[in-house]
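Residue-level listing of the chains:
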Amino acid sequence: MIHLHVRSWFSFLAGGSSPEELVETAHRLGLPTLALTDTHGVYGAVRFQLACQQAGIHPVIGAEIAFQEAPLVLLAQHAGGYANLCQLLTLYHVRQDEPLTLGDLARHHAGLFCLTGGTESRLQHLVDCRRLQQATTWLHDLQSVYGDHLRIEVCNLRRPGDLYVAKQMLRLAAELSIVPVASNDVRYASPEAYRRYDLLTCVRLGLTVHEPHPARPSNAEAHLKSPEAMAALIPYRPALDHTAALAEACSIDLLSEHITTPSAQIPSAWSPDQQLAQLCIEGLQHKYPGDALAPALAQLNRELAVIADLQLDEFFLVVHEVVQEAHRRAIRCAGRGSAANSIVAYLLNITGVDPLRHNLLFERFLHRGRKGTPDIDIDFDSERRDEIIAWIEDRFGIEHTAMTATISTFRLRQALREVIKALGFPMHVVNKVSKSVPPREPTAVRDYRAEITSVFESDHLDLIYELVESLQDCPRHLGLHNGGMVLSELPLYHFTPVQVSANGVKMVQFDKNDVEALGLIKLDVLGLRMFGTLSEAEELIHRHYDQAIELDRLPLDDPAVYAYICTSKTLGMFQIESQGQMHLIASLQPEDFDDLICQIALFRPGPLQGNMVHPFVRRRRGEEAIAYDHPDLAPILADTYGVILFQEQILEIAHAFAGMPLQEADDFRSAMSKGNNDEEMARMHHAFVAGAHDRGVDVAVAEVVFEKVSNFVGYGFCRSHAAAFARTVYQSAWLKYYHPAAYMAAVMQ
């Protein structure tokens, strides 16, 4: 017996357990296969397959989709069936008020198994109402589309009438020669998750737990059950056995080992790697004259080899195309983030900061052990960002592009609010209690007992805390990523359905991590208002003073500009106009571009909360001696006066000091920068200290270094990101110093 109709909490308030929890429960029950069939989407499919892979369970991917105002369950037999499922789901979402027709199902039926649906299905309703002739007609319609791929879903959730309906379903299956399959119409992993599912249902329907409603569960039976338990509920062995046969016929792997790169425009006689190398050589000769050429060429060849090994040549060419088009349209743009570590990105004019001159580490961006696609963020003039997005859609095809999604989950305040409301408390109490906790931080509700009890008294506080904890991190709805654009060589329906966001933008059903797991390319097309200001200032200067200025060609070493920044008269400048930045400038007194990079990185939560700012300033001013815990750290931390400031330094310490391979060092850097659970941090701790000890470092010294590195947790800042921002800071400062009237007029506009 295999469960073929299973919702997770990615049915958005209509399922009660995570995909991982479902897989864990299936493994505990000894089930070799499990399906995931969320409502109107495959939102959890990637996470589900990853969990199945780790548990040794065969995954079946499908979805519930509304047909004639009731759900059908469609299961993908193979990749072609999955593509048809995605197209049907896209139709459902894009049409919105126009329901799917039998013709739609017929056009996209190939490679799909159809289950008639569970307890909410049209067949269940017709049979329960004794309208058997209508049920027969409805089944004939589905047979005309799916033929021998149609299955009658037989359920018994121990509700009144379920046994009668199950018997009638089996009779219809025999009369019409349709294979029956047993189902438990699963909504959550185990009976313990029933309460969360019922609570989510109340949230979805706007009910309190005291109000009855036919959509609320009448018992706690809709969970994963063992084959023995299912046999007791549906005493018809063939219906149980048919589930295994159907599951065995379904095989699809969403987790790609290859990156699906969109096609770049390449001369017919050239290969992608040849075209990329040629473009880089042209840039190399222009940007690295004289003695600078040899080390730049060596770095270029090293990067091109890594890019070729990872088969990312076309990806860089595609990004180059996008940037070229922006330049052709005179739309200001610049790459930032870890891409600024790459000389290839610099030579293609994707980024504007010289990675060799400013000691930027390529391995922070890309290395042979990297999993997934590289992260390239490009800022465009926010006023003209939509123009570039429209061009990308036109260039690569409307079926090949869409925005990345985000998964909006219950945070503490929202979870507390919904729980209090569902328990029936009046709205003035709901508002008062929810405001007693922070709005966004993913913190534990019990940490705020004092704040909650100061405004609210109840005998049910422990129950409230339990319910809030059960909701935290549970998905609420799909959101739109602020700039991540998915580009694919194949139409997107081979990977994901596409739906329309609340403001009318096309988006895929996966977040950025799932998109990467699918092997798809994501390009962050972001908007930056400061770029509009810079362009406006250039235009005003040209119009009123007849001077043509090319900000992107400015050298970044004008002493007068840095002296002006040091006056702290930075109102209107990019990133450094706040009172806090002004105070830091007064202490730090940045004298060159590298100082400006540190200025940007220092004024962040990590350095401020980690007590890095004052030691950095004192050491820079010669008021405190620079000390290193080990000689191997000197070359890594010399330019930041022995203070760990950048993510790249964490990677270098893990690699050069603790002896980790680059892939492991990058994983370590990621863990230290983003924070992780205690178990993962303990594992990293052991690997770091053991690796350093194997290199001959004293364990006590290794412990001290790890302690300093671990203080970095959750607050890491990327040097290349700071460098990209520092360039824009410099440009804004240059304009304000040399053309204050034009610049401030542009700022005010």
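See the structure above.
Residues numbered from 1 in each chain as written. Predicted model: local features only at pLDDT ≥ 70, side-chain atom pairs only at ≥ 80, totals over all residues. Heavy atoms only, no water.

Draft legend 1. Spatial organisation of the overall build of the chain. The helix and strand inventory of the chain stands at 33 helices and 13 strands. Rg of the C-alpha trace for the chain: 30 Å, near the compact-globule value of 27 Å for 749 residues, within the 12% margin. Once the C-alpha set of the chain is aligned to its principal axes, its extents read approximately 90 × 70 × 60 Å. Counting the 749 residues in the chain, one finds 56% classified as buried. Across the chain, the fraction of contacts at a sequence separation of at least 24, relative to all contacts at a separation of at least 6, is 75%. Within the structure as shown, the chain displays about 31400 Å² of accessible surface, and the carbon and sulfur contribution to it stands at 50%. Each charge sign in the chain was given a centre, from 64 positive and 92 negative side chains, and these centres are 5 Å apart. (Helix = DSSP H or I, 4+ residues; strand = E, 2+ residues; numbered from the N terminus. Rg over C-alpha atoms; globule rule 2.2 N^0.38 Å. Buried < 20%, exposed > 50% of the residue type's maximum accessible area, 1.4 Å probe, protein only. Contact = heavy atoms within 4.5 Å. Areas by Shrake-Rupley, 256 points an atom, 1.4 Å probe, with all protein chains shown as cover. Lys, Arg positive; Asp, Glu negative; His and termini not counted. Charge placed at Lys NZ, Arg CZ, Asp CG, Glu CD.)

Draft legend 2. Looking closely at the side chain of Arg719. Tracing the chain through its elements places Arg719 in helix 32 (residues 719-738). Classification of Arg719 as buried rests on a relative accessible area of 6%. At 3.0 Å, the side chain of Arg719 forms a polar contact with the side chain of Asp639. Setting aside residues up to four positions removed in sequence, Arg719 forms contacts with His358, Asn359, Leu360, Ile597, Asp639, Phe646, Glu648 and Gln649. (Polar contact = N/O pair within 3.5 Å; in protein donor to acceptor, adjacent residues only side chain to side chain.)

Draft legend 3. Local environment of the state of the cysteines. A full pass over the atoms with the stated rule returns zero disulfides. Not part of a disulfide, Cys86 finds its nearest cysteine sulfur in Cys250, a span of 14 Å. With no disulfide partner, Cys566 has as its closest neighbouring cysteine sulfur the one in Cys598, 13 Å distant. Judged by its relative accessible area of 17%, Cys566 is buried. (Disulfide = S-S within 2.5 Å.)

Draft legend 4. Quick look at helix 30 (residues 678-694). In this model, helix 30 (17 residues) spans 24 Å end to end at C-alpha, consistent with the 24 Å of a helix rising 1.5 Å per residue. The set of residues buried in helix 30 consists of Met681, Met684, Ala687, Phe688, Val689, Gly691 and Ala692. Downstream of helix 30 by one or two residues, Gly696 has phi in the positive range, about 95 degrees. (Expected span 1.5 Å × (residues − 1).)

Draft legend 5. Looking closely at the environment of Trp138. Structurally, Trp138 is set in helix 6 (residues 132-146). Given the relative accessible area of 5%, Trp138 is considered buried. In contact with Trp138, other than residues within four places in its own chain, are Phe67, Gln68, Leu72, Thr116, Arg122, Leu123 and Leu126.

Draft legend 6. Representation of the packing of aromatic side chains in the model. Applying the stated criterion across every chain, the model contains 20 aromatic pairs. Ring centres of Phe668 and Phe706 lie 6.3 Å apart, and the angle between their planes is 55 degrees; this geometry places the pair in the tilted category. On the criterion of sequence distance, the pair formed by Phe668 in helix 29 (residues 662-674) and Phe706 in helix 31 (residues 699-710) is long-range, its members being 38 residues apart. Residue Phe668 is classed as buried on the basis of its relative accessible area of 0%. (Phe/Tyr/Trp six-rings, centres within 6.5 Å; stacked < 30°, edge-to-face > 60°.)

Draft legend 7. Inspection of the pairing of strand 1 (residues 33-39) at higher detail. Judged by how many residues are buried, strand 1 sits mostly within the fold: seven of seven residues are covered. What you see with strand 1 is no split at all: Thr33, Ala35, Thr37 and Thr39 on one side and Leu34, Leu36 and Asp38 on the other are buried throughout. Strand direction decides the pairing type here: strand 1 and strand 2 (residues 58-67), joined by seven bridges, are parallel. Pairing of Thr39 across the sheet is with Glu64, part of strand 2. For the segment spanning strand 1, helix 2 (residues 45-55) and strand 2, crossover handedness is right-handed. (Pairing = 2+ DSSP bridges. Right-handed = clockwise from strand over helix to strand, strands pointing away.)

Draft legend 8. View of the packing of helix 21 (residues 529-545) against helix 32. Here helix 21 crosses helix 32 at 30 degrees, and the two axes come no closer than 11 Å. Once helix 21 is placed against helix 32, the crossing between them reads as left-handed. From helix 21, Met530, Phe531, Leu534, Ala537 and Ile541 reach across to helix 32, where they touch Thr728, Gln731, Ser732 and Leu735. Here the contact of helix 21 with helix 32 is built from residues that sort into six nonpolar, three polar and no charged. (Axes fitted to C-alpha atoms, helices over the stretch in contact; angles between N-to-C directions. Left-handed = near helix turned anticlockwise from the far one by under 90°. Nonpolar A, V, L, I, M, F, W, Y, C, P; charged D, E, K, R; others polar.)

Draft legend 9. Seen up close, the pattern of salt bridges. All chains considered together, the criterion is met by 44 salt bridges. Here Asp511 and Arg47 are joined by a salt bridge, their closest N and O atoms 2.7 Å apart. You can see Asp511 sitting in the loop between strand 12 (506-508) and helix 20 (512-517) and its partner Arg47 sitting in helix 2, a full 464 residues away along the chain. On the accessibility criterion, Asp511 (12% relative accessible area) is buried. Salt-bridge contacts for Arg187 lead to Glu120; the nearest nitrogen and oxygen are separated by 3.4 Å. Taken together, the positions of Arg187 in the loop between strand 6 (179-183) and helix 8 (194-205) and Glu120 in the loop between strand 4 (112-115) and helix 5 (122-128) put the pair 67 residues apart, joining distant regions of the chain. (Salt bridge = Lys/Arg side-chain N within 4 Å of Asp/Glu carboxyl O.)

Draft legend 10. Representation of the environment of Val729. The residue Val729 is located in helix 32 in this model. Contacts of Val729, omitting those with residues within four sequence positions, involve Phe574, Gln575, Ile576, Leu596 and Ile600.

Draft legend 11. The packing of helix 22 (residues 559-566) against helix 32, seen in detail. Two elements in contact, helix 22 and helix 32, have axes whose closest approach is 9 Å; the angle formed by their N-to-C orientations is 90 degrees. By the angle class used here, helix 22 and helix 32 are roughly perpendicular. The residues of helix 32 that touch helix 22, namely those facing Ala560, Val561, Tyr562, Tyr564 and Ile565, are Tyr730, Ala733, Trp734, Lys736, Tyr737 and Tyr738. (Parallel < 35°, antiparallel > 145°, perpendicular 65-115°, else oblique.)

Draft legend 12. Inspection of the sheet that holds strand 5 (residues 150-155) at higher detail. Taken in spatial order, the six strands make up an open sheet running 1-2-3-4-5-6, and their pairing is mixed. Looking at strand neighbours, the two that pair on one side only are strand 1 and strand 6, the edges of this open sheet. Sheet twist, expressed as the average angle between the axes of neighbouring strands with direction ignored, equals 35 degrees. As judged from the five bridges shared by strand 5 and strand 6, these two strands associate in the parallel manner. For Ile152, the partnering residue across the bridge sits in strand 6 and is Pro180.

Draft legend 13. Local environment of the side chain of Thr136. Assignment of secondary structure puts Thr136 in helix 6. Those residues within four positions of Thr136 in sequence are excluded, and the remaining contacts are Leu172 and Leu176.

Draft legend 14. Inspection of helix 3 (residues 79-95) at higher detail. Taking 1.5 Å per residue as the helical rise, helix 3 with its 17 residues ought to reach 24 Å, and the 24 Å between its terminal C-alpha atoms agrees with that figure. Taken together, the buried positions of helix 3 are Gly81, Tyr82, Ala83, Asn84, Leu85, Cys86, Leu88, Leu89, Thr90 and His93. Those residues of helix 3 that are buried are in contact with strand 2, strand 3 (70-76), helix 4 (102-107), strand 4 and strand 11 (498-500).

Draft legend 15. The arrangement of the nonpolar core in detail. Counting residues in each nonpolar core, the largest one holds 82 residues, and the members touching the most others are Phe316, Ile376 and Ile452. Here this core gets eight residues from one element, more than from any other, and that element is helix 13 (residues 313-328). With sequence-adjacent residues up to four places away left out, Ile376 is seen in contact with Phe315, Phe316, Val319, Ala339, Ile350, Phe365, Leu523 and Asp524. (Core = buried A, V, L, I, M, F, W, Y, C linked by side-chain atoms within 4.5 Å.)

Draft legend 16. Quick look at the pairing of strand 5. Burial runs high along strand 5: six of the six residues are buried. Pairing between strand 4 and strand 5: two bridges, direction parallel. Residue pairing across strands places Leu115 opposite Arg151, the latter belonging to strand 5.

Draft legend 17. Layout of unusual backbone geometry. At Glu69, a residue that is not glycine, the phi angle is positive and equals roughly 65 degrees. Looking at the element boundaries, Glu69 is found in the loop between strand 2 and strand 3. Note on Glu69: relative accessible area 84%, which makes it exposed. The backbone phi angle of Asn359 is positive, close to 55 degrees, even though this residue is not glycine. As for its position among the elements, Asn359 is in the loop between helix 14 (343-347) and strand 8 (376-381). Looking at Asn359, the relative accessible area reads 43%, which means it is partly exposed.

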